[in-house]
Amino acid sequence: MYRQGIVVLAVLSTIFAAQIKYMRIPELDDEWEKFKQTYNKNYPDDEHEQRRSIWEANVDYINEHNKRADEGQYTFWLAVNQFADMTNKEFASTMNVNMMTSEGSGEENNEFKDVDIGSLPTEVDWRTKGYVTPVINQLQCGSCWAFSALGSLEGQHFKQTGELVPLSAQNLIDCSQMEGNYGCNGGLMDNSFKYIKMNNGVDSAAAYPYTGQDGTKCLFKRENVGATLKSYVDIPKGSELDLQKAVAMVGPISVGINNEHQSYRFYKKGVYYEPSCNPNQLDHANLVTGYGVTANGTEYWMVKESWSTAWGMDGYIMMSRNRNNNCGIASTASYPIV
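These figures come from a predicted structure and were not determined experimentally.

Q: Which residues make up the overall build of the protein chain, and what are the values?
A: Looking only at helices and strands, the protein chain has nine helices and twelve strands in total. Residue pairs in contact within the protein chain that sit at least 24 positions apart in sequence constitute 76% of those at least 6 positions apart.

As structure tokens, then:
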């Protein structure tokens, strides 16, 4: 009888602990329903309460950060987005990749050595010049490297031809393994440029559409080539000065960054700066489309993400510029020559 009582108490304790773990805040019921509707979230019955608990914890983090931002402790603000029902570990395992750093196999960036930084414009925005394709959604596939490389190539192809052609990330995902890329498990922009050079082109996105997953075989077709390149340039590692010269004089530039911090995941507006961001541990790639200075004098890079227009500033983020290469923005920057 005594032993049976212990078992009953143990079961009740387990149930009570589960209730505490997934205890809801009733005031957030409406926001939770709106979140699920906005981002088309549907969960199995046995997962629903867990997702609600994770979401509430992230909402609390976002609100606390924004309170401090309003007090002047941060230069950027956060917001609930499509990633708010994921833990940091889940997000990293599905959206981030362990990026390799450039081996310096591109051409040397010699053309800007004699360029005076004072001669460069104080602000650059290639989006207004027709160089940049619309923001896309990479879905739960670590294909950021492909979109980063193609974004720079799209800009250079436009510069030469006057035609802005969205290029096929799926082509790179399915076909560039021999050059060292791993599809949805990661890759490197330079390896993408190597493939396009060797292959004498990459298909257009319209002809080889994106699926958000690894294809079973390469479906490249020569007649569907959207752009080609002759070679590519690696910008000196860690040099934001050289990156600024390239952005000002060339166009959109491919970059790798560290985005492991929760603050990046929920970025909404302002100039992003994370003091503990490791510039040598890159796990994401995106595209610098310009740079500028805010009204209060904060320098920034304008960066295109591949997480849909629901994220950040309609799919963009302003990242700190000239703050010791924060998050590795200049650690592995490169661009193609067409």
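Q: Describe in detail the nonpolar core, supporting the description with residues and values.
A: Within the largest apolar cluster, 56 residues are counted, with the highest numbers of intra-cluster contacts made by Leu 243, Val 247, Ile 253, Met 319 and Ile 329. Not counting residues within four places of it along the chain, the set of residues in contact with Ile 253 comprises Ser 152, Ile 235, Leu 243, Ala 246, Val 247, Asn 286, Leu 287, Val 288, Ala 333, Ser 334 and Tyr 335. Among the nonpolar cores identified, the runner-up in size contains 28 residues, and Leu 153, Leu 167, Tyr 195 and Val 338 belong to it.

Q: Account for the packing of aromatic side chains, naming residues and giving values.
A: Within this structure, the stated rule accounts for 21 aromatic pairs. Between Tyr 74 and Phe 76, the aromatic rings sit 5.9 Å apart at their centres with planes inclined by 65°, giving edge-to-face as the arrangement. We classify Tyr 74 as partly exposed; its relative accessible area is 31%. Among the residues examined, Phe 76 registers a relative accessible area of 1% and is labelled buried. Ring geometry for Phe 83 against Phe 91: centres 5.0 Å apart, planes inclined by 70°, an arrangement best described as edge-to-face.

Q: Account for the side chain of Lys 36, naming residues and giving values.
A: Within the element layout of this structure, Lys 36 appears in helix H2 (residues 29–38). A polar contact is formed between the side chain of Lys 36 and the side chain of Glu 33, at a distance of 3.2 Å.

Q: Residues and numbers for the packing of H2 against helix H3 (residues 45–70), please.
A: Two elements in contact, H2 and H3, have axes whose closest approach is 11 Å; the angle formed by their N-to-C orientations is 105°. One finds that H2 runs roughly perpendicular with respect to H3. Counting all contacts with H2, which are made through Asp 29, Glu 31, Trp 32, Phe 35 and Lys 36, the residues of H3 involved are His 48, Arg 51, Arg 52 and Trp 55. The residue makeup of the contact of H2 with H3, split by class, is three nonpolar, one polar and five charged.

Rules used throughout
Residues numbered from 1 in each chain as written. Predicted model: local features only at pLDDT ≥ 70, side-chain atom pairs only at ≥ 80, totals over all residues. Heavy atoms only, no water. Helix = DSSP H or I, 4+ residues; strand = E, 2+ residues; numbered from the N terminus. Contact = heavy atoms within 4.5 Å. Core = buried A, V, L, I, M, F, W, Y, C linked by side-chain atoms within 4.5 Å. Buried < 20%, exposed > 50% of the residue type's maximum accessible area, 1.4 Å probe, protein only. Phe/Tyr/Trp six-rings, centres within 6.5 Å; stacked < 30°, edge-to-face > 60°. Polar contact = N/O pair within 3.5 Å; in protein donor to acceptor, adjacent residues only side chain to side chain. Axes fitted to C-alpha atoms, helices over the stretch in contact; angles between N-to-C directions. Parallel < 35°, antiparallel > 145°, perpendicular 65-115°, else oblique. Nonpolar A, V, L, I, M, F, W, Y, C, P; charged D, E, K, R; others polar.

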